[in-house]
Amino acid sequence: MSMSFDKPLDKEQQEILDKLMGDSLVARDERLALFESRVLHREEMGKLANELKQPVKVEINNVGDEKTMSDGTKYKRTKQGWRKTE
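Description of the structure in this document. (Residues numbered from 1 in each chain as written. Predicted model: local features only at pLDDT ≥ 70, side-chain atom pairs only at ≥ 80, totals over all residues. Heavy atoms only, no water.)

Side note on unusual backbone geometry
- You will see that K53, though not glycine, has its phi angle at about 60 degrees, which is positive.
- Relative to the helices and strands, K53 resides in the loop between helix 2 (42-52) and strand 4 (56-59). (Helix = DSSP H or I, 4+ residues; strand = E, 2+ residues; numbered from the N terminus.)

What follows is the structure, given as structure tokens:
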């Protein structure tokens, strides 16, 4: 699963995201977060959007999907989860 944000997250918002998502967080930068599979309830998503003060786009990723962090680091979704490719 991945989340993207319209506006870059500041340090405080990144800490909120880390706290709310816990151990399922694989990688995060100011515009993208990658998570291992987990169930997200509508209430959790509402809380997250309210805490971050912006819309949150959630994507369920398939095996083979790739995401690139802002620093150029690439991740690929495998059966085992997100794996760094570069």
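Structure's up, so let's keep going.
Observations regarding the sheet that holds strand 2 (residues 25-28)
- Pairing is antiparallel across the open sheet formed by 4 strands, whose spatial order is 2-3-1-4. Strand pairing shows two members of the sheet lacking a second neighbour, strand 2 and strand 4, which therefore form its edges. Along the sheet, successive strands turn relative to each other by an average axial angle of 20 degrees, direction set aside.
- As paired strands, strand 1 (residues 2-5) and strand 3 (residues 32-35) are joined by 3 bridges and run antiparallel to one another. Looking across to strand 3, one finds that S2 is bridged to L34. (Pairing = 2+ DSSP bridges. Axes fitted to C-alpha atoms, helices over the stretch in contact; angles between N-to-C directions.)

Here we look at the packing of helix 1 (residues 11-21) against helix 2
- Interhelical geometry of helix 1 versus helix 2 gives an angle of 160 degrees and a closest axis separation of 10 Å. As far as their axial angle goes, helix 2 and helix 1 are roughly antiparallel. Crossing handedness for the pair helix 1 and helix 2: right-handed. Across the interface between the two elements, Q13, I16, L17, L20 and M21 from helix 1 touch K47, L48, E51 and L52 from helix 2.
- The residue inventory of the contact of helix 1 with helix 2, partitioned by class, reads 6 nonpolar, 1 polar and 2 charged. (Parallel < 35°, antiparallel > 145°, perpendicular 65-115°, else oblique. Left-handed = near helix turned anticlockwise from the far one by under 90°. Contact = heavy atoms within 4.5 Å. Nonpolar A, V, L, I, M, F, W, Y, C, P; charged D, E, K, R; others polar.)

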